[in-house]
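Listed below, chain by chain, are the residues.
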Amino acid sequence: MANHTNNAQAGFNIHLAKLRRLAQPFFLPLDQGNGWQFIWLLISLLFCVGGLVLITLTGLIEILEKIQPILTEKYFGGVSKTIGQIWNSWWGWLFSGLFLLGSTSFFSWRHKLRNKRWIHWIFLGIIVLMLLSVNGINAGIGFIARDLSNALVEKQQDGFYRILGIYAACFIVALPIRVAQIFFTFKLGIIWREWLSNSLISDYLKNNAYYILNPNDEEETDVDNPDQRISDDTKAFTEQSLNFTLGIFDAILTFSLNVLILFSISKALTFSLFLYAAFATTVLVIAGKNLVRINYDQLRYEADFRYGLVHIRDNAESIAFYSGEKPEKLETQRRLGEVVRNFNLLIIWKAIIFAMKRSINYAGNFFPYLILAVPYFAGEIDYGRFIQASFSFGMVEGSLFFIVNQIEELAKFTAGVGRLEGFQSTVEQFSQSNTIEDNILVNSQSILIKNADLYPPGNNQPIISDLSISIEKNDKLLVVGPSGCGKTSLLRMISGLWQPSNGLIERPETGDLLFIPQKPYMLLGSLREQLCYPTEEEKFSDEQLNSVLAEVKLQSLIERYPDLDVKQDWPRILSLGEQQRLAFGRLLLNAPRFAVLDEATSALDVKTEEYLYELLQKRDLAVISVGHRPTLIEFHQNVLELVGDGSWRLLPTTSYDFDRS
């Protein structure tokens, strides 16, 4: 039993730590305050808002008493009397002290709320102010309901209509306040989502984290479907975090404003409510633990299913050429089956939780009648106080059962926090680590490889053994060998994507080294962006871009799309040969000092290939090419032949015979 309790406590602490890592940085950097300090600032916010409300309300009542004393006495006499009692007792000192304590806390921490985080606190404070105002009106409605009921019972017609007018005025005042609360809540939510998404995107695209992570491996549950983590999970997390935080604030305020009213009417009803709420909450929280795991799996299976559909869309032409509809259908149906199977399990547990929640809510309706019937029939309380007690009971019950009523959403939220924090931790680990190891040096004026051994990830068979080679300015190296011998792996090592197990590598900075694969990357963007990638498009004029397109024999593209800002599905519209020529246009525009070409002309005819390589010879750059055509020999000075078992040989092109190899 003790071990179970300890495990539950450890699990709860882990979830809290994950939640803090995601939520706190938006309001307070993790290195500027711990979790308790963050919670204290949230409490201080309540002190500040509560103090401002009390001060504002006091000022308004004093102004009304001076301008319209009769009106104030008639309609706001209770409010005026309550405020007077607060300031004339120790409560006034307490509220003043808490307000000063909260204000001092924020003032002393002002330098830690950098990067405009104070704006986030102001938005949150405005929302809490709206909540407090609405709860204050709701507490007043309890007294109005009491007087309205007594006026009906006693048939006091004049008093009834006067109270009914006050009742209507409360709703008129509450409506814009509630609308403002909703507006600022959504506004803060979208600001938070933008901030968190930008943070994740920055880490995801730093230090090749997006490349190192394998988003398609369904066994790696901490990093699957990064697109969903950054889009859907961040949206759900920020919305649910605000809903739960504000819901807790609302519950605290509702409880604080109504429990004293309920206690003053019936102590027995108050204590019975506490016991009942504690029992029901414990039962439902224990039962709801299974929902967390099931919701976690559901999020993952839904994302896998969606990724499968996106994969079909992105590879529609290839699937059509292969007539591969049947295997694609089977795989998509398998993923859909996982979604349906897990959701059927989710349905069962949702039904169980729903039945328990309904039973608890229905049972709670009987408490006021069972406990208050005796004093009512004994004449100890009138009907108005009975109605007021029922109203206050419902408000306090709602605040105490906040967790119970949100158990399903809380399960989704907990699962989402686990997925999002797992992804955040993983990408932070890669983005903050130094991916350039000791055996790789950057800022070199050449590409130098000394005694390098390269193994594929998770394999102990060498691709390259003890390789030593140097590529200086204007050098041209052709890499050849049978399929699967490691030609592309060598380029990955030169580009810094794979690390050698031994040896030393010197390479230029990223901007001075441009890699062009066999199938060029086509980004989501305009023709202008395609040409300029990865450089900023503002660096080049339309004349430069049109000139380069003509230079790589893409005049037809200029004629088809005279507007360079047109956006199309370029991988589908352009043939592979056109894409390869466009990639050469990028190379000419970006003008790196080193170009790495991995069969970058394989889809072109020999004449066009020769023409493009002649363009490169006119440029002041070094070239490393992977190719199989003998015609490439004349455009290179040396040939590096890889055998496939780790061995290699380096020869001048004049001594290399393609036919013999």
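Data block above holds the structure.
Criteria and cut-off values
- Residues numbered from 1 in each chain as written.
- Predicted model: local features only at pLDDT ≥ 70, side-chain atom pairs only at ≥ 80, totals over all residues.
- Heavy atoms only, no water.
- Axes fitted to C-alpha atoms, helices over the stretch in contact; angles between N-to-C directions.
- Helix = DSSP H or I, 4+ residues; strand = E, 2+ residues; numbered from the N terminus.
- Left-handed = near helix turned anticlockwise from the far one by under 90°.
- Contact = heavy atoms within 4.5 Å.
- Nonpolar A, V, L, I, M, F, W, Y, C, P; charged D, E, K, R; others polar.
- Phe/Tyr/Trp six-rings, centres within 6.5 Å; stacked < 30°, edge-to-face > 60°.
- Buried < 20%, exposed > 50% of the residue type's maximum accessible area, 1.4 Å probe, protein only.
- Lys NZ or Arg CZ within 6 Å of the ring centre and 35° of its normal.
- Parallel < 35°, antiparallel > 145°, perpendicular 65-115°, else oblique.
- Pairing = 2+ DSSP bridges.

**Q** Describe the packing of helix α7 (residues 157-204) against helix α9 (residues 226-265), with residues and values.
**A** Direction vectors running N to C along α7 and α9 enclose 145°, while the axes themselves pass 9 Å from each other. In the crossing of α7 with α9, the sense of the turn from one axis to the other is right-handed. Taking contact as the criterion, the partners of T185, L188, G189, W192, R193, L196, S197, L200, I201 and Y204 in α7 are, on α9, P226, I230, S231, T234, K235, F237, T238, S241, L242 and L246. Per-class residue counts for the contact of α7 with α9 are 11 nonpolar, seven polar and two charged.

**Q** Tell me about the packing of aromatic side chains, and name the residues and values.
**A** For the coordinates displayed, the defined rule picks out 23 aromatic pairs. Judged by centre distance (6.0 Å) and plane angle (75°), the rings of W40 and F47 are edge-to-face. Judged by centre distance (5.4 Å) and plane angle (55°), the rings of Y521 and Y533 are tilted. With a gap of 12 residues between them, Y521 in the loop between β6 (513-516) and α17 (527-532) and Y533 in the loop between α17 and α18 (542-551) connect regions that are remote in the sequence. The class of Y521 is partly exposed, set by a relative accessible area of 45%. Put simply, the rings of F26, F27, F38, F106, W121, W192, W195, F237, F244 and F413 pair up and form one aromatic cluster. The ring centre of W109 lies 4.3 Å from the NZ or CZ of K112, which sits over that ring. One Lys or Arg, K553, reaches over the ring of Y611 and ends 4.4 Å from the middle of that ring.

**Q** Run through the packing of α9 against helix α10 (residues 267-314), naming residues and quoting values.
**A** Interaxial distance between α9 and α10 falls to 15 Å at its minimum, and their mutual angle equals 175°. One element, α9, and the other, α10, form an angle in the roughly antiparallel class. In contact with D227, Q228, D232, F255, V259, L262, F263 and I265 of α9, α10 contributes K267, L269, T270, F271, L273, F274, L299, A303 and R306. For the contact of α9 with α10, the class distribution of residues is 11 nonpolar, two polar and four charged.

**Q** Tell me about the sheet that holds strand β10 (residues 648-652), residues and numbers included.
**A** Within the open sheet, the six strands sit side by side as β6-β7-β8-β4-β9-β10. Their pairing is mixed. This sheet does not close on itself; its edge strands, each paired only once, are β6 and β10. Across the sheet, the mean angle separating the axes of adjacent strands is 15° when strand polarity is ignored. Taken together, the five bridges between strand β9 (residues 638-642) and β10 define a ladder with antiparallel strand orientation. Looking at β10, one finds that E641 is bridged to R649. In the packing of helix α21 (residues 576-590) onto the sheet, the strands contacted are β6 and β7 (594-598), and the crossing angle to β6 comes to about 175°.

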